Amino acid sequence: MAAAKPQRTPQEVEDIIIRKIFLVSITDSAATNADSRNVYLELTAAEILSEGKDLRLSRDLMERVLIDRLSGDFPGVGESPFQYLTGCYHRAHEEAKKIANMKDKTLRSEMEAVVKQAKKLCVSYCRIHLGNPELFQNRNQSSGSGTASPLLPLIFAEVGGGIDAFGGSSGGGGPKSPPGFLEEFFRDSDFDSLDPILKGLYEELRGSVMKVSALGNFQDSLRALLFLVRFPVGAKSLVSHEWWIPKGVYMNGRAIEMTSILGPFFHISALPDQTFFRSQPDVGQQCFSDASTRRPADLLSSFSTIKTVMNNLYDGLYEVLFILLKSKDTRDSVLEYLAEVININASRAHIQVDPITCASSGMFVNLSAVMLHLCEPFLDANLTKRNKIDPKYVHYSNRLKLSGLTALHASSEEVTEWLNSNKRANGNNQNNDGQKRLEQSQEASSSGSNAGELSNEISGHGEKTEYHFICECFFMTARVLNLGLLKAFSDFKHLVQDISRCEDALSTLKAMQEQSPTPQLQLDITRLEKELESYSQEKLCYEAQILRDNTLIQNALSFYRLMIVWLVSLVGGFKMPLPSTCPMEFATMPEHFVEDAMELLIFASRIPKALDGVVLDEFMNFIIMFMASPEFIKNPYLRAKMVEVLNCWMPRRSGSSATATLFEGHQLSLEYLVRNLLKLYVDIEFTGSHTQFYDKFNIRHNIAELLEYLWQVPSHRNAWRQIAKEEEKGVYLNFLNFLINDSIYLLDESLNKILELKELEAEMSNTAEWERRPLQERQERTRLFHSQENIIRIDMKLANEDVSMLAFTSEQITAPFLLPEMVERVASMLNYFLLQLVGPQRKSLSLKDPEKYEFRPKHLLKQIVHVYVHLARGDSNSIFPAAISKDGRSYNDQLFSAAAEVLHRIGEDGRIIQEFIQLGAKAKVAASEAMDTEATLGEIPDEFLDPIQYTLMKDPVILPSSRIVVDRPVIQRHLLSDSSDPFNRSHLTADMLIPDTELKARIEEFVKSQEMKKRSEGISIQSTKDTIQTTNGEMLID
């Protein structure tokens, strides 16, 4: 038989090859001698004979034989039609390798054509079978295999890269795809035949990753998805699937996450989710349970694994979207999907997010990472493509809903009016140029060039309706980050606060359980411990996926660098001063664009090495330009957030010397930073919020810390002194006024709270009486005690800061403190502090552990005395001692001697003590002189008295609205805190005051006449002096 082989004709060789490929025979003898799987097609043979043809297989009979083999019911055949066809393809591939070795070129060429046709038929009938499974049913095969597509295991084997069972080397592994089969299956086919097959595959892939966490097996499904979309037909089928963007009356954010094809892929995450939607395996339970007892190396290993897995997911999803976006046929569908996901999840921006109607944090953090990846081409160092970003997109986009968001400065009414005015202006331009544009449009249509651009230009009231991809990608990324990464930062911050509260509550309950144990308390402790464990797991999940992914953080920083550079371009670039009016293009931009940038900077500044290599200069410029510009950014809390960023960058806090150059070698910083910080300190007094009174203290705390640091930098200190000189009666005077107001309030509040705390301490120390009280009352009083402790600690810290700033600034800047409208206010404040610290009340303020509450009375006294001395040194006109003595509430000359004794004991500089004693003596003399003057003036007519303080006016002025006459220093002091007429609340500023020269002359005349009258009566001045200051110890307290 072997000897006859060379004599075979081409027809015989063709017959043999076809029989080997399809495992069929049309001669009984061939069937019995060949492979046991061979099927004898008896009916087919009979038909061929009846047609007068030889019983030999050929290309002409190939399809007929294949159909008969698939359609027949042959005993002993156990494989499915799909398995049979893929087997045929594999055998065809093997025969092709043999044919390649044929020496006869003509025969080789003919046989290659046979094999090629056989492969093509196998692929074609696979498509037909998968599209219509009922066509070739094998009755011998079990129907219990389900509806899963047999293609999927082949795709997994193709893309699996040796992972798990697919394509394993052992016989127990899954089926392998014949080489080239899948490529041929999905390539060069009509869409209609493959579309239903592909749609089924996409549904299976979606189902395979449903509720799978970062620790689950999603890799093969993701690779399979990527494999399919690389084929144009696969991409087209995916975006035309009814579940690409699911529609329905009850569709919401969570529903689109769970039902869309890509949604479950984006849901894969390590982040916590609502219990009903939680994925498996549970990342928190598996990686971070009992984290406090785990070895650090184990935690680091878990962090590393999760970070690697999530980055693989980001890369895979990016590849899928990138492929779809590259094709014009599918790009719009991707943008529509992204816009739908963003728009339908807009409520994720709310403080409270409904997990039933909103997509998960995991989905939006993943989407954030993918969108940032898509932005990379236009985040180059020079941001060369930022001119592609069109601000009109915010108002005119038909895809993304941005128009309802809070704007940086413009109200919704102003935005509407501006858009309407643009519409009217564009309408007029169109009327004037309509004919010309029509001609251009007709020319473009006939030539086929720029037709789309012109049609966009003249539609929609002169606004473009289509935008560059960079523009769309930019705004979509901004929205996704707002709803995703930045929202996750916010959730993490709240989670940390919950953990802190939980730990405090647990500590309190354990203390109470030690004092008087009860079963209920033990139950509460157990419940809180479980809560704390759950919170801790969630915190570590956030840390694993977000905080430890520096690449993700730095990509986001690159994006927001583009954001702020682009926003600044709307106001003319990085230059100061800003334009006199805010351009509406800037004013109408969504506020969260800036807020998110600031939040990211704050968050990144607290993550080790997150800012390494990041260029911060543009961020610094932006902050300096806008933090004190309410005409550009209306929200005072947003401007205050900018100070928080700078606080994080202070060298002693950031731990990096790199940030020092931002403050000490940055031109805009040296010129404007101190000025704008002082201005913001003043502006923040009135935020418009119902909590503005308490909010201002936290904001000013951040400003105070910054100012204290800047005072130590010589260039900034010089700038500060210059501002104090230039703005002596402007912003600097307002700054001083609010600094003094805050100091008085905070110290007064702290000292009162200390007295309340001591009362509570006394209650709790009386054990017998305390134990007799009901449990609930004891719990409430204990909570109150801890609450008071926290309030005292915070208020004292803020008060210390304020007094410290008064001390160090007054050493070199005294003039503003000594202005007529300010000097008495300063003196009253210092006298009040002195009374509290060295007066009779001081013993009641003693605490067991004052340092615990930031209460340092010795240091506080030193600083108060330093302010006294600094102002006395700068008082060239000797007005300060008189101001001290005029304070009827707290002044007493004995306080100065009492303070001097304490200063000696605590080791204060002798020179300071001496100057302080001298100031006290001068104040005592001034008090005596004031008594003489009062006696000299006698009964003062009411018209000469200031109606607010009932003191003799020296510089009377008329208020323009109410026409009331008041003393200038008194009303100016009022205007520092409130720019309104105190008698009718109408607007009032210092430059609106009208001097009452006639009344002033009468007052001066009255004073002169009274002095002359007293002289003529010969009243002894000495006898008056002998009657003053006859106070005793009880008068020390007001």
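Nothing here was measured: the structure is a model prediction, and the numbers come from that model. (Residues numbered from 1 in each chain as written. Predicted model: local features only at pLDDT ≥ 70, side-chain atom pairs only at ≥ 80, totals over all residues. Heavy atoms only, no water.)

### Focus: the overall build of the protein
As a reminder of what qualifies: The secondary structure listing takes helices from DSSP runs of H or I that are at least 4 residues long and strands from runs of E that are at least 2 residues long, numbered from the N terminus. The buried label applies to any residue whose accessible area, calculated with a 1.4 Å probe on protein chains only, is under 20% of its type's maximum; exposed applies above 50%, and partly exposed to all values in between. Method for areas: the Shrake-Rupley scheme with a 1.4 Å probe, in which residue coverage is limited to the protein chains shown.
On a plain count of helices and strands, the protein comes out with 44 helices and five strands. The buried share among the 1038 residues of the protein stands at 49%. Just so you have it, the protein exposes about 49,000 Å², and 50% of that area is on carbon and sulfur atoms.

### Description of the packing of aromatic side chains
Cut-off, in case you're wondering: Two aromatic rings from Phe, Tyr or Trp, using only the six-membered ring of Trp, form a pair when their centres are within 6.5 Å; if the ring planes differ by under 30 degrees the pair is stacked, by over 60 it is edge-to-face, and anything between is tilted. Any Lys NZ or Arg CZ found within 6 Å of a ring centre and within 35 degrees of that ring's normal is scored as a charge over the ring.
In this structure the tally under the stated criterion is 40 aromatic pairs. Look at Phe-586 and Phe-626: their rings are 5.1 Å apart centre to centre, the planes differ by 10 degrees, and that puts the pair in the stacked class. With a gap of 40 residues between them, Phe-586 in helix H25 (residues 584-587) and Phe-626 in helix H27 (residues 617-626) connect regions that are remote in the sequence. In this structure, Phe-586 and Phe-626 share a single accessibility class: buried. What links up through ring pairs into an aromatic cluster is the set Tyr-393, Tyr-467, Phe-474, Phe-475, Phe-559, Tyr-560, Trp-566 and Phe-593. The cationic tip of Arg-69 hangs over the ring face of Tyr-84; the distance from NZ or CZ to the ring centre is 4.0 Å.

### Notes on empty space enclosed by the protein
Note the following rule: Using protein atoms alone on a 1 Å grid, points that fit a 1.4 Å probe yet trap it form a cavity, whereas open point sets bounded by protein on both sides within 12 Å along at least five of seven lines form a pocket; residues with an atom within 4 Å of a point count as lining. Grid points are joined across faces, edges and corners, and a volume is the space filled by probe spheres set on the points. Residue polarity is assigned by list, with Asp, Glu, Lys and Arg as charged and Ala, Val, Leu, Ile, Met, Phe, Trp, Tyr, Cys and Pro as nonpolar; anything else, Gly included, falls into the polar class.
Under the criterion given, the structure shown has five cavities of 30 Å³ or more. By volume, the second largest cavity amounts to about 60 Å³. Along its surface, the second largest cavity is lined by Met-512, Gln-515, Ser-516, Leu-521, Trp-770, Leu-775, Arg-778 and Thr-782. Secondary-structure elements contributing two or more residues to the lining of the second largest cavity are helix H22 (485-515) and helix H36 (775-810). In terms of residue count, H36 provides more of the lining of the second largest cavity than any other element does, three residues in total. In terms of residue class, the lining of the second largest cavity is built from four nonpolar, three polar and one charged.

### Concerning the packing of helix H40 (residues 893-905) against helix H41 (residues 910-937)
Rules: Lines fitted to C-alpha atoms define the axes here, with helix axes fitted over just the stretch in contact, and angles between the N-to-C directions of these axes take values from 0 to 180 degrees. In these notes the angle categories are as follows: under 35 degrees is roughly parallel, over 145 is roughly antiparallel, 65 to 115 is roughly perpendicular, and the rest is oblique. Residues count as neighbours in contact if any of their non-hydrogen atoms are within 4.5 Å of one another.
The interhelical angle for the contact between H40 and H41, taken along N-to-C directions, is 175 degrees, at an axis separation of 9 Å. On the basis of their axis angle, the class for H40 and H41 is roughly antiparallel. For the pair H40 and H41, the contacting residues are Asp-893, Phe-896, Ala-899, Ala-900, Leu-903 and His-904 in the first and Ile-913, Phe-916, Ile-917, Gly-920 and Lys-924 in the second. Of the residues assigned to the contact of H40 with H41, the class counts are seven nonpolar, two polar and two charged.

### Details of helix H42 (residues 968-975)
If you check which residues of H42 are buried, you get Val-970, Ile-971, Gln-972, Arg-973 and Leu-975. Looking at the buried side of H42, the elements it contacts are helix H37 (820-838), strand E3 (956-958) and strand E4 (965-967).

### Some details on the sheet that holds strand E5 (residues 994-995)
Note the threshold: Any two strands are treated as partners once DSSP identifies two or more bridges connecting them.
Sheet architecture is open: three strands sit in the order E4-E3-E5, paired in antiparallel fashion. Here the strands that pair on one side only, and so sit at the sheet edges, are E4 and E5. Relative to E5, E3 runs antiparallel, the two sharing two bridges. Looking at E5, one finds that Val-957 is bridged to Pro-995. Relative to E4, H42 is tilted by about 85 degrees, and along the sheet it contacts E3, E4 and E5.

### Some thoughts on the side chain of Asp-802
Condition: In this count, Lys and Arg are taken as positive residues and Asp and Glu as negative ones, while His and the chain termini are left out. Put simply, a salt bridge is a Lys or Arg side-chain nitrogen that is within 4 Å of an Asp or Glu carboxyl oxygen.
Relative to the helices and strands, Asp-802 resides in helix H36. Despite being buried, Asp-802 has no salt bridge partner; Arg-700 is the closest side chain of opposite charge, sitting 7.3 Å away. When neighbours within four sequence positions are excluded, Asp-802 is seen to be in contact with Tyr-681, Leu-739, Asp-742, Ser-743 and Leu-746.

### Some details on the nonpolar core
Selection rule: Each nonpolar core is a collection of buried residues, namely Ala, Val, Leu, Ile, Met, Phe, Trp, Tyr and Cys, held together in the definition by side-chain atoms within 4.5 Å.
In terms of nonpolar packing, the biggest core is built from 309 residues, with Phe-22, Phe-186, Phe-475, Phe-626, Trp-649 and Trp-720 touching the most fellow members. Phe-944, Leu-999, Ile-1003 and Phe-1006 belong to the second largest nonpolar core, which has eight residues in total.

### A short note on the packing of helix H3 (residues 42-50) against helix H4 (residues 59-71)
Stated precisely, the cut-off is as follows: It is the rotation of the near helix from the far one that decides the hand of a crossing: anticlockwise by less than a right angle makes it left-handed, clockwise makes it right-handed.
Their axes nearest at 10 Å, the elements H3 and H4 cross at an angle of 145 degrees. Read as a crossing pair, H3 and H4 show a hand that is right-handed. Seen from H3, the contacting residues are Thr-44, Glu-47 and Ile-48; seen from H4, they are Leu-61, Arg-64, Val-65 and Asp-68. Of the residues in the contact of H3 with H4, the class split is three nonpolar, one polar and three charged.

### Some thoughts on the pattern of salt bridges
Across all of its chains, the model carries 47 salt bridges by this definition. Ionic pairing is found between Lys-97 and Glu-94, a salt bridge with its closest N-O pair at 3.4 Å. Taken as a pair, Lys-97 and Glu-94 lie in helix H5 (residues 81-99) at a separation of three residues, close to a single helical turn. Here Glu-472 ties to Arg-399 by a salt bridge, and the two come within 2.7 Å at their closest N and O atoms. Remark: Arg-399 occurs in the loop between helix H18 (393-396) and helix H19 (412-447) and Glu-472 occurs in helix H21 (residues 469-483); sequence separation between them is 73 residues. Across this residue pair, the class does not change: Glu-472 and Arg-399 are buried. Ionic contacts of the salt-bridge type, sharing partners, join the residues Glu-47, Glu-51, Lys-53 and Arg-64 into one network.

### Thoughts on unusual backbone geometry
Across the junction of Gln-280 and Pro-281, the peptide omega takes the value -5 degrees, indicating a cis bond. Residue placement: Pro-281 occurs in the loop between helix H13 (263-267) and helix H14 (283-288). Between Met-576 and Pro-577 the backbone carries a cis peptide bond, its omega angle lying at 0 degrees. Take Pro-577: it is sitting in the loop between helix H24 (550-569) and H25.

### Here's the deal with the side chain of Arg-479
Selection criterion: N or O atoms closer than or at 3.5 Å make up a polar contact, with two conditions inside protein: a donor-capable atom paired with an acceptor-capable one, and, for residues adjacent in sequence, both atoms drawn from side chains.
Inspection of the secondary structure puts Arg-479 in helix H21. One buried charged side chain, Arg-479, makes no salt bridge at all; its nearest oppositely charged neighbour is Asp-596, positioned 6.7 Å away. Within the structure, Arg-479 has its side chain in polar contact with the side chain of His-592 (distance 3.2 Å). For Arg-479, the contacting residues outside a window of four places in its chain are Ile-342, Ala-346, Leu-400, Leu-402, Leu-405 and His-592.

### Things to note about a positive patch on the surface
To keep things clear, this is the line we draw: Note on patches: the residues involved have over 30% relative accessible area and no salt bridge, like charges join within 9 Å, and the nonpolar side chains Val, Leu, Ile, Met, Phe, Trp and Tyr join within 5 Å. A single reference atom marks each charge: NZ on Lys, CZ on Arg, CG on Asp, CD on Glu.
A cluster of basic residues, Arg-842, Lys-843, Lys-858 and Arg-905, forms a positive patch on the protein surface. With respect to the helices and strands, Arg-905 occurs in helix H40.

### Focus: the environment of Phe-492
Assignment of secondary structure puts Phe-492 in helix H22. Distance in space between the C-alpha atoms of Phe-492 and Tyr-542 is 7.0 Å, their sequence separation being 50 residues. Apart from residues no more than four positions distant in its own chain, Phe-492 is found in contact with Lys-539, Tyr-542, Leu-547 and Phe-603.

### What about the state of the cysteines?
Short version of the rule: Pairs of cysteine sulfur atoms within 2.5 Å are identified as disulfides in what follows.
For the coordinates displayed, the defined rule picks out zero disulfides. Here Cys-88 stays unpaired: no disulfide links it, and the sulfur of Cys-122, its closest cysteine neighbor, is 4.7 Å away.

### Quick word on the confidence of the model for the protein
As a general rule, the predicted coordinates of low-pLDDT regions are not to be interpreted in detail. Stated precisely, the cut-off is as follows: Every residue carries a pLDDT, the predictor's confidence in it, which falls somewhere between 0 and 100.
Chain-level statistics for the protein give a pLDDT mean of 85 and a share of 90% at 70 or above. Long-range and interchain partners of residues 1-5, a stretch whose pLDDT sits below 50, account for zero contacts in this model, where long-range means more than four residues apart. Counted against residues more than four places away or in other chains, residues 1019-1038, with its pLDDT under 50, gives 26 contacts.

### As for H3
Stated precisely, the cut-off is as follows: As used here, the arc belongs to the directions running from the helix axis to the C-beta atoms.
Every buried residue belonging to H3 is among Thr-44, Ala-45 and Ile-48, and all of these are buried. Down the axis of H3, the buried set is contained in an arc of 100 degrees. They therefore lie on one face. The exposed residues of H3 that point more than 90 degrees off its buried face are Glu-42, Leu-43, Leu-49 and Ser-50. Next to the buried residues of H3 lie strand E2 (39-40) and H4.

### Some thoughts on the environment of Gln-863
With respect to the secondary-structure elements, Gln-863 resides in helix H38 (residues 857-874). For the pair Gln-863 and Leu-806, spaced 57 residues apart in sequence, the C-alpha to C-alpha distance is 8.4 Å. Beyond its immediate stretch of four places on either side in the chain, Gln-863 contacts Asn-800, Val-803, Ser-804 and Ala-807.

### Some points on the environment of Arg-69
Within the secondary structure layout, Arg-69 lies in helix H4. Remark: the alpha-carbon pair of Arg-69 and Leu-41, spanning 28 residues in sequence, is separated by 7.3 Å. Look past the residues within four positions of Arg-69 in its chain and what remains in contact with it is Val-24, Val-39, Leu-41, Phe-74, Val-77, Glu-79 and Tyr-84.

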